[in-house]
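Letter by letter, the chains look like this.
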Amino acid sequence: MKKILSVAMLGVLGVALTGCGSTAGKKDDVVNVFNLKVEMDPALQTFAKTYTEKTGTKVVVKSVGGGADYGAALKAEFESGNAPDVFVVAGAGDVKIWKDVLLDMKDAKWTGNTDKEFVDETLGTVGMPIGVESYGLICDNTKLKSAGVDYKSVDSLAKLEEAFKKITAKGEVKPVSYTTKETWVTGNHTINILFDGSTKAGFDKYMSGDATGLKMEGFSKLVGLLNENSVGDLSTTDYDTQVANVSSGKAACVHQGNWATGNLEKNGMDLQNLVMMPLTYNETTAGNFPIGVPSYMAINKNGDTEKAMDFLEQLVGSAEGAKFYTEAKMIPAVKMEVELTDPVSKQIMEANNAGKAMPWLFTELPDGFGMNTYGPVFDQFYKTKDAQAFEKAIQDAAAQIKK
Amino acid sequence: MKKSKVFWLFLLPSILAFCLTLLVPFILGFWYSFTDWSGGFSTPEFVGLENYQYVLSKTSFHYALIITFIFSILSIIMINLVAFGLAKIVTKGLKLESFYRAAFFLPNLIGGLILGYIWQFLFNQVAAEIFAISPLSNPTVAIFALVCVLTWQYAGYIMMIYVTAILNIPQEVIEAAKIDGAKKMQRLIHIELPMLASAFTVTLFLTLVNSFKQFDVIYSLTSGGPSTTFQGEAVMGTQTLTMWIYQTAYQLKDMASSQAASILFLFYLQ
C-alpha cells in the first residue's frame, strides 16, 4: 500500500512539474522575434519600436547570442508555449531541424529583390536573408600605402605575391596574420576559395565523391603564401590574436571577414583606413569576393504569420529598415537604399552589385565537416609544407562526405 | 523491513533529482544511440547499430581512444607522484604547514575553463617567448602540457587524501621500525606504503575517473588542436574521447553518433 502511495506521489509531482510548461496560449497583436545575433540587438530593438509606432503591432525582440547555444535556447522557447513568430536559422542544418514549423514565404514582397533567399526543395522559400558578409584579407590601408601597394589592383595570385613581397621589403610589418588554430577560418573560409575556383559544377562533383572536380592548380601556393608570410605560430593563433596583430601593427592584413572590422575598431583602429583584398588563386576567383548569407529570418507557420510577414517586409523594404542596417553596420542582402559608412562594407556592396561575388559553397558541406576534416589538414600543411600530401588529403576527403 | 511514509517522503527529493538528472537522460541516451536522433523536433527512427559502426570506423575516434589512454596514464602517474610528494612535505612538521596545504589545494578551486585560459596565455604568450615556440603547437608536447596543467590543478586535492592517510599511520609502528634499524627508504617502502593502501585505492580511482572525463581544461587550453597525422589521416592531436563526443555533437550536429560514442566511452571506462 505504502509503495503504491509513494509511486502515486511521484507521479503527482511529475505532473505538477510538467504542468507548468504546458499552458500554451495564442497571443494576439504581438510579434515575438527570437534573435541570434546579439550584436544587432540594439538596432533591432530600435526598429521594432518605430515599427510599433507605425503599425500598432507590438513587437517583442529577444536576443540570445555570443557563445550561447541558440539551438537549445530556441527549442526551449518553442516548448515553453511562448513560441516565437520570427526566428533565425543559420542554414541547411537548421532548416532540417525546424522543418516542421517553417513557413513558405514565396509571396513576400522582398522575394523579387534578392537572389539570396533560402529555398528548400520541398519546403519552399523558408529563409529571408538578413544580410551578407564577405571575407578576404582585411588590411590596414596606411600600411599598404607606405609599402606602395594599391589594394584595388590586387586581383590575382601573382599580384598578391608581389604585394606581400613589397610589404616584406618595406620591413615595417609582416604582410598577413593567418591562423590554423581557428578551424572555421581554414576549414570553412579558405577551403571555400578552392570550391569557388573549381566552379559549382566541379564542387557538386566533389560532393558526390569525385575529387577530379576540384581545380587544385595554384591553391596550395595561395595557402603556402599565407602560411609563410604570416605573423606568429599559426597553430596557436586565435581570432583575438589575429585581430590584435593588425591593430598593434604586427601585420598589415588579416585573413578574416567584414565582422572583424568591428573588433579592429574597438582596438582603436579607424574604420576608414580598413580595406579588403580578395583571396584568389585562379581565373575563376580573380578579383571576386566570396559573399554569403550567414543567417536567415524564418517565420513560424503556427504563429501570427500575417503580422510576422509584414514585419520582415518592412525590415527590408522601408526607410526605417534602411536605418536599421546603417545602425547595425550590416550589408543588406535585399536590394535597398542603405547608407554605409565604412569602406569595407561599401566594397562588399559594390562587389555584390557588380556581380564580382562568389558563393559560400562550404555551407553545403555537412555541418562541421569542413572544420573537422580540413582543419587538421591545413595545420599539417603549415607544419610540414608538404603540398602534395595537402592536396591529396583534400581530394581524399571527398569519400568521407556523408550524405 | 517496514519503511514508514516519512522515510519515502524524505527520500523523495533525492530520488527525483537522481531520476531526472541521471536515470532518465541515461536511458533516453541509450535509446537515442540506436536512432537517427538529430536533437530537433523530428521523431527519432530506429537504425540499429549504424551509429556504432560509424563511430568505430572513424580514424579520429581510434586516435581519440589511444590519446585518451596515454593522457590518462600519464596524468594518473604524475598526479599521484606529485600529490604524494607534496603530502610528505606538508606532514614533516614544517612551520606554516597549514598555509602550504591550503596553497597547494588552491588551484583546485579555480574553475577548469578559467584555469585553461590562464594557462593558454602562459603557454602561448610567455612560454612561446622563452622557447621561441608555444608548447601547445606540437601535439606531443601539448599532451604533456595538458598533463602538467591537470596535475597543477588536481594534485592538491589528492594531496589532502594522502595527508589524512599519512597522519593516520600509528607512530608506534614507525618508531618500532626505527629501533629495528630500518632506514628512511625502507620505512617508506615496507611500512608506510602498505599502510597507505586504502588511500591509494581512493586516489587511483579518483584520478583515473577524473583524467578520463577531463574536458573543460582541454577544451579551453587546446580545443583539440594542434593537428597530427594518424594512419595517414590528419587528426586533432589532443582530441580526447570527451572532446570527440563534444565536437561530434555540437560541430557535426551528429547527436546520435555522439551518443553512441558516449555509450562506448562508458563501456571503456568500466
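## Let's talk about the overall build of chain A
(1) Moving on: Helix and strand counts for chain A stand at 16 helices and 12 strands.
(2) Moving on: Whereas a compact globule of 403 residues would reach a radius of gyration of roughly 22 Å, chain A reaches 24 Å, a difference of no more than 12%.
(3) Moving on: Projected onto the principal axes, the alpha-carbon positions of chain A cover approximately 80 × 55 × 40 Å.
(4) Moving on: The contacts of chain A with a sequence gap of at least 6 include a subset with a gap of at least 24, amounting to 74%.
(5) Moving on: When the accessible surface of chain A is split by element, carbon and sulfur atoms take 52% of a total near 17300 Å².

## What about the overall build of chain B?
(1) Moving on: Assigned secondary structure in chain B consists of 12 helices and two strands.
(2) Moving on: Of the regular secondary structure in chain B, the N- to C-terminal order runs α-α-α-α-α-α-α-α-α-α-β-β-α-α.
(3) Moving on: Its C-alpha atoms give chain B a radius of gyration of 23 Å, more than 25% over the compact-globule value 18 Å for 270 residues.
(4) Moving on: The principal-axis extents of the C-alpha atoms in chain B amount to approximately 75 × 70 × 30 Å.

## Notes on the pattern of salt bridges
(1) Moving on: Across all of its chains, the model carries 18 salt bridges over all chains by this definition.
(2) Moving on: Close ionic contact of D304 of chain A with K307 of chain A constitutes a salt bridge, the shortest N to O distance being 3.8 Å.
(3) Moving on: Residue D304 of chain A is classed as buried on the basis of its relative accessible area, which comes to 19%.
(4) Moving on: One salt bridge connects R101 of chain B with E97 of chain B, and the closest N-O pair in it is separated by 3.0 Å.

## Some thoughts on the packing of aromatic side chains
Residues and elements named next belong to chain A.
(1) Moving on: Per the stated rule, a full pass over the model turns up 43 aromatic pairs over all chains.
(2) Moving on: Consider the rings of F219 and F378, whose centres lie 6.4 Å apart with planes at 85 degrees: the pair is edge-to-face. Note that F219 is positioned in helix α9 (residues 219–228) and F378 in helix α15 (residues 369–384), a separation of 159 residues in sequence. Like F378, F219 is buried.
(3) Moving on: Every member of this aromatic cluster is reached through a ring pair, and the members are F47, Y51, F311, F324 and Y325.

## What to know about the side chain of T111 of chain A
All names here are of chain A.
(1) Moving on: Here T111 lies in the loop between α4 (92–97) and β4 (118–120).
(2) Moving on: Of the residues examined, T111 reaches a relative accessible area of 19% and is grouped as buried.
(3) Moving on: Excluding anything up to four places from it in sequence, T111 contacts M105, K106, E117 and T125.

## Observations concerning the environment of Y250 of chain B
(1) Moving on: Structurally, Y250 of chain B is set in helix α11 (residues 241–250).
(2) Moving on: Take Y250 of chain B: its relative accessible area is 45%, and that puts it in the partly exposed class.

## A look at the state of the cysteines
Residues and elements named next belong to chain A.
(1) Moving on: The final tally for this structure, using the stated rule, is one disulfide over all chains.
(2) Moving on: With its sulfur 2.1 Å from that of its partner, C139 forms a disulfide with C253. Of note, the bridge from C139 to C253 carries an S-S torsion of about 105 degrees and is right-handed in sense. Note that C139 is positioned in strand β6 (residues 133–140) and C253 in strand β8 (residues 251–257), a separation of 114 residues in sequence.
(3) Moving on: Given a relative accessible area of 0%, C139 falls into the buried group.

## Overview of the nonpolar core
Residues and elements named next belong to chain A.
(1) Moving on: Counting residues in each nonpolar core, the largest one holds 74 residues, and the members touching the most others are F87, W98, M105, M297, L312 and F324.
(2) Moving on: Apart from the residues within four sequence positions on either side, M297 is in contact with M40, V86, F87, V88, M105, V126, G127, M128, I130, L312 and L315.
(3) Moving on: If you look at the next biggest cluster of nonpolar residues, it comprises 56 residues, including A147, F219, L222 and A397.

## Description of the packing of helix α6 (residues 139–167) of chain B against helix α9 (residues 197–213) of chain B
All names here are of chain B.
(1) Moving on: Orientation of α6 relative to α9, taken along the N-to-C sense of each, is 160 degrees, at an axis distance of 10 Å. The orientation of α6 relative to α9 falls into the category roughly antiparallel. Remark: the crossing between α6 and α9 carries right-handed chirality. Between α6 and α9, the contacting residues are L150, Y154, Y157, I158, I161, Y162 and A165 on the first element and A199, F200, V202, T203, L206, T207, N210 and S211 on the second.
(2) Moving on: Taken together, the residues of the contact of α6 with α9 sort by class into 11 nonpolar, four polar and no charged.

## Brief notes about the sheet that holds strand β2 (residues 58–63) of chain A
Residues and elements named next belong to chain A.
(1) Moving on: The six strands are arranged β2-β1-β3-β11-β5-β4 in an open sheet whose pairing can be described as mixed. The sheet is open, and its two edges are formed by β2 and β4, each paired on a single side. Averaged over all pairs of adjacent strands, the angle between their axes in this sheet comes to 30 degrees, without regard to strand direction.
(2) Moving on: By the bridge criterion, three bridges tie β4 to strand β5 (residues 124–129) in an arrangement that is antiparallel. From the neighbouring strand, V119 faces β5, where its bridge partner is T125.

## Remarks on the interface of chain A and chain B
(1) Moving on: Across the boundary between the two partners, chain A contributes 32 residues, which contact 41 residues of chain B.
(2) Moving on: Between chain A and chain B, a total of about 2800 Å² is buried, with carbon and sulfur atoms accounting for 60% of that surface.
(3) Moving on: There are zero salt bridges connecting chain A and chain B.
(4) Moving on: Connecting chain A to chain B are six residue pairs in polar contact (both at pLDDT 80 or more).
(5) Moving on: Among the elements of the structure, α1 (2–19), α3 (70–79) and α15 of chain A are those that each provide at least two residues to the side of chain A that touches chain B.
(6) Moving on: Broken down by element, the side of chain A that touches chain B gets its largest block of residues, eight residues, from α15 of chain A.
(7) Moving on: Split by residue class, the side of chain A that touches chain B holds 12 nonpolar, seven polar and 13 charged.

## Structural notes on the side chain of D94 of chain A
(1) Moving on: Position of D94 of chain A relative to the elements: it lies in helix α4.
(2) Moving on: Here A90 of chain A takes part through its backbone nitrogen, which lies 2.9 Å from a polar atom of the side chain of D94 of chain A.

## Overview of the packing of helix α2 (residues 41–55) of chain A against helix α13 (residues 319–328) of chain A
Residues and elements named next belong to chain A.
(1) Moving on: Two elements in contact, α2 and α13, have axes whose closest approach is 9 Å; the angle formed by their N-to-C orientations is 165 degrees. When the axis of α2 is compared with that of α13, the two are roughly antiparallel. In the packing of α2 onto α13, the handedness of the crossing is right-handed. In this structure, α2 uses P42, A43, L44, T46, F47, T50 and K54 to contact α13, whose residues at the interface are E320, G321, F324, E327 and A328.
(2) Moving on: Taken together, the residues of the contact of α2 with α13 break down into six nonpolar, three polar and three charged.

## A closer look at unusual backbone geometry
(1) Moving on: The phi angle at K385 of chain A is positive, at roughly 60 degrees, despite the residue not being glycine.
(2) Moving on: Residue placement: K385 of chain A occurs in the loop between α15 and α16 (387–396).
(3) Moving on: The exposed category is assigned to K385 of chain A, whose relative accessible area is 55%.
(4) Moving on: The phi dihedral of S223 of chain B falls on the positive side, at around 45 degrees, and the residue is not glycine.
(5) Moving on: Following the sequence through the fold, S223 of chain B ends up in the loop between α10 (216–221) and β1 (227–230).
(6) Moving on: What makes S223 of chain B partly exposed here is its relative accessible area of 28%.

## Let's talk about a nonpolar patch on the surface
(1) Moving on: On the surface, a nonpolar cluster with roughly 1000 Å² of combined accessible area is contributed by F18, L20, L22, L23, V24, F26, I27, L28, W31, F46 and L266 of chain B.
(2) Moving on: The residue L22 of chain B is located in helix α1 (residues 5–32) in this model.

Conventions and cut-offs
- Residues numbered from 1 in each chain as written.
- Chains lettered and ligands numbered in written order.
- Predicted model: local features only at pLDDT ≥ 70, side-chain atom pairs only at ≥ 80, totals over all residues.
- Heavy atoms only, no water.
- Helix = DSSP H or I, 4+ residues; strand = E, 2+ residues; numbered from the N terminus.
- Rg over C-alpha atoms; globule rule 2.2 N^0.38 Å.
- Contact = heavy atoms within 4.5 Å.
- Areas by Shrake-Rupley, 256 points an atom, 1.4 Å probe, with all protein chains shown as cover.
- Salt bridge = Lys/Arg side-chain N within 4 Å of Asp/Glu carboxyl O.
- Buried < 20%, exposed > 50% of the residue type's maximum accessible area, 1.4 Å probe, protein only.
- Phe/Tyr/Trp six-rings, centres within 6.5 Å; stacked < 30°, edge-to-face > 60°.
- Disulfide = S-S within 2.5 Å.
- Core = buried A, V, L, I, M, F, W, Y, C linked by side-chain atoms within 4.5 Å.
- Axes fitted to C-alpha atoms, helices over the stretch in contact; angles between N-to-C directions.
- Parallel < 35°, antiparallel > 145°, perpendicular 65-115°, else oblique.
- Left-handed = near helix turned anticlockwise from the far one by under 90°.
- Nonpolar A, V, L, I, M, F, W, Y, C, P; charged D, E, K, R; others polar.
- Pairing = 2+ DSSP bridges.
- Buried area = accessible area lost by both parts, 1.4 Å probe.
- Polar contact = N/O pair within 3.5 Å; in protein donor to acceptor, adjacent residues only side chain to side chain.
- Patch = residues over 30% accessible without salt bridge, like charges linked within 9 Å, V, L, I, M, F, W, Y side chains within 5 Å.

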